[in-house]
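The residues making up each chain are set out below.
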Amino acid sequence: QVQLVESGGGLVQAGGSLRLSCVVSGHTFSGYGMGWFRQAPGKEREFVAAISRSGGSTKYADSVKGRFTISRDNAKNTGYLQMNSLKPEDTAVYYCAADRTLLATDLYEYDYWGQGTQVTVSS
C-alpha cells in the first residue's frame, strides 16, 4: 500500500517562506513522478508543481513560478515544496501526489495522495 504523508504547513506572514515535505512509503519512490496540488476553501483543487522521477524536469503553475521550487530526494523517499514570497492567496490545503505519468498537471492522472497540510498566509 502506497502512502504519502505531508508535513511542514503552518501559519506565516506574507512574504515569508515554508518548506513542505512529503514522505512516501510502500513503493519504489524513484519509479513515480510527484506533484503538489492545493485547494482553498470553496475552490477546486489546483495544480501547483510537478517533478519527474529523476528530478531532472519540473513544471509549475504560472501563479507560483519563480516563488516555489519543487525537489525530491529519492534516497530519502521524500519530496519537497519550497515556498518563498508567500502571498495570502497561497492559503490552502496542500497535497502531494504520486503517479507514473511524466509531469502530469491533471489531478486525475495521479494514483496516490497524501492527507494534506494546511498553509495559511496572513496579510
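Residues numbered from 1 in each chain as written. Predicted model: local features only at pLDDT ≥ 70, side-chain atom pairs only at ≥ 80, totals over all residues. Heavy atoms only, no water.

**Details of the packing of aromatic side chains**
Working step 1: Counted under the stated rule, the structure contains six aromatic pairs.
Working step 2: Taking the centre distance of 5.1 Å and the plane angle of 55 degrees together, the rings of Phe37 and Trp113 count as tilted. With a gap of 76 residues between them, Phe37 in strand β4 (residues 33-39) and Trp113 in strand β10 (residues 112-113) connect regions that are remote in the sequence.
Working step 3: Judged by relative accessible area, Phe37 falls into the buried class, the value being 1%.
Working step 4: Among the residues examined, Trp113 registers a relative accessible area of 26% and is labelled partly exposed.
Working step 5: Through pairs of rings, three or more aromatic residues link up here, namely Phe37, Phe47, Tyr95, Tyr110 and Trp113.
Working step 6: Directly above the ring of Tyr95 sits Arg45, whose terminal nitrogen or CZ lies 3.7 Å from the centroid. (Phe/Tyr/Trp six-rings, centres within 6.5 Å; stacked < 30°, edge-to-face > 60°. Helix = DSSP H or I, 4+ residues; strand = E, 2+ residues; numbered from the N terminus. Buried < 20%, exposed > 50% of the residue type's maximum accessible area, 1.4 Å probe, protein only. Lys NZ or Arg CZ within 6 Å of the ring centre and 35° of its normal.)

**Observations regarding the environment of Ala49**
Working step 1: By secondary structure assignment, the location of Ala49 is in strand β5 (residues 46-51).
Working step 2: Relative accessible area serves as the criterion here: at 0%, Ala49 is assigned to the buried category.
Working step 3: Along the backbone, Ala49 and Leu103 are 54 residues apart, and their C-alpha atoms lie at a distance of 8.4 Å.
Working step 4: Setting aside residues no more than four positions away along its own chain, Ala49 makes contact with Met34, Gly35, Trp36, Lys59, Tyr60, Ile70 and Leu81. (Contact = heavy atoms within 4.5 Å.)

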